[in-house]
Amino acid sequence: MGYTQTDTPKFDKLVYKIKARGSFSQLTVFPDKIIYVNGDSYKNHPITANDYQELSDLLNEIDASKIPSFKAPTNERARDKAMQANVSVYLRDSTYSSQAFDAGAPPVPLQKLLEKVFELSRQN
């Protein structure tokens with residue numbers, strides 16, 4: 001069950017990790033900023049209250065407690081044809097982490113949320 005509009009989840013942070021042999025990158029979204037780490041590269045820029053609300057609304061469309069059960073649409077990471085990714089949402093006193101999926105091919109329920117995260121990470 002999702003949340004009602006009057007009980008929109010306000011996440012503490014959202015973490016998207018990508019890893020492969022010898023490489024690692026991470027996007028971390030907080031209510032006021034987004035941080036991107038890729039190897040030795042580090043970028044940090046603010047997000048607006050409207051962006052944070054839009055992410056919260058997209059999260060509202062998902063039942064966060066079901067994130068661990070979402071199935072990946074592809075399995076190329078098992079053959080080293082894709083990097084492995086996962087997403088974790090820190091919501092109130094709980095953490096909801098997805099199963100591993102191919103980077104660029106998230107479970108369908110997470111697509112809109114992650115598209116917005118990527119859009120925000122490309123700004124600035």
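Residues numbered from 1 in each chain as written. Predicted model: local features only at pLDDT ≥ 70, side-chain atom pairs only at ≥ 80, totals over all residues. Heavy atoms only, no water.

Undergrad: Sorry, what's going on with the nonpolar core here?
TA: A general trend in soluble globular proteins is that nonpolar side chains are found buried together. Within the largest apolar cluster, 27 residues are counted, with the highest numbers of intra-cluster contacts made by Phe11, Leu14, Tyr16, Val29 and Ile67. For Val29, the residues in contact, after removing those within four places along its chain, are Phe11, Asp12, Lys13, Leu14, Ile34, Ile47, Leu55 and Val117. (Core = buried A, V, L, I, M, F, W, Y, C linked by side-chain atoms within 4.5 Å. Buried < 20%, exposed > 50% of the residue type's maximum accessible area, 1.4 Å probe, protein only. Contact = heavy atoms within 4.5 Å.)

Undergrad: Honestly, the packing of aromatic side chains in this entry has me stumped. Any pointers?
TA: Both the distance between ring centres and the angle between the ring planes are used here to describe each pair of aromatic rings. Considering all chains together, one arrives at three aromatic pairs under this definition. Aromatic side chains Tyr16 and Phe101 sit 6.3 Å apart centroid to centroid with 35° between the ring planes, which places their arrangement in the tilted category. Of this pair, Tyr16 sits in strand β1 (residues 11-20) while Phe101 sits in strand β7 (residues 101-102), and the two are 85 residues apart along the sequence. With respect to burial, Tyr16 and Phe101 carry one shared label: buried. With a centroid separation of 5.1 Å and an interplanar angle of 75°, the aromatic rings of Tyr16 and Phe118 are classed as edge-to-face. With Tyr16 in strand β1 and Phe118 in helix α2 (residues 111-122), this residue pair connects regions lying 102 residues apart in the sequence. (Phe/Tyr/Trp six-rings, centres within 6.5 Å; stacked < 30°, edge-to-face > 60°. Helix = DSSP H or I, 4+ residues; strand = E, 2+ residues; numbered from the N terminus.)

Undergrad: Help me understand helix α1 (residues 49-60) in this model?
TA: Each α-helix winds once per 3.6 residues, and so residues spaced three or four apart point in a common direction. Between its terminal C-alpha atoms α1 stretches 16 Å, which fits the 16 Å expected from 12 residues at 1.5 Å a residue. Every buried residue of α1 is listed here: Asp51, Tyr52, Leu55, Ser56, Leu58, Leu59 and Asn60. Looking at the packing, one finds that the buried side of α1 touches β1, β2 (23-29), β5 (84-91) and α2. (Expected span 1.5 Å × (residues − 1).)

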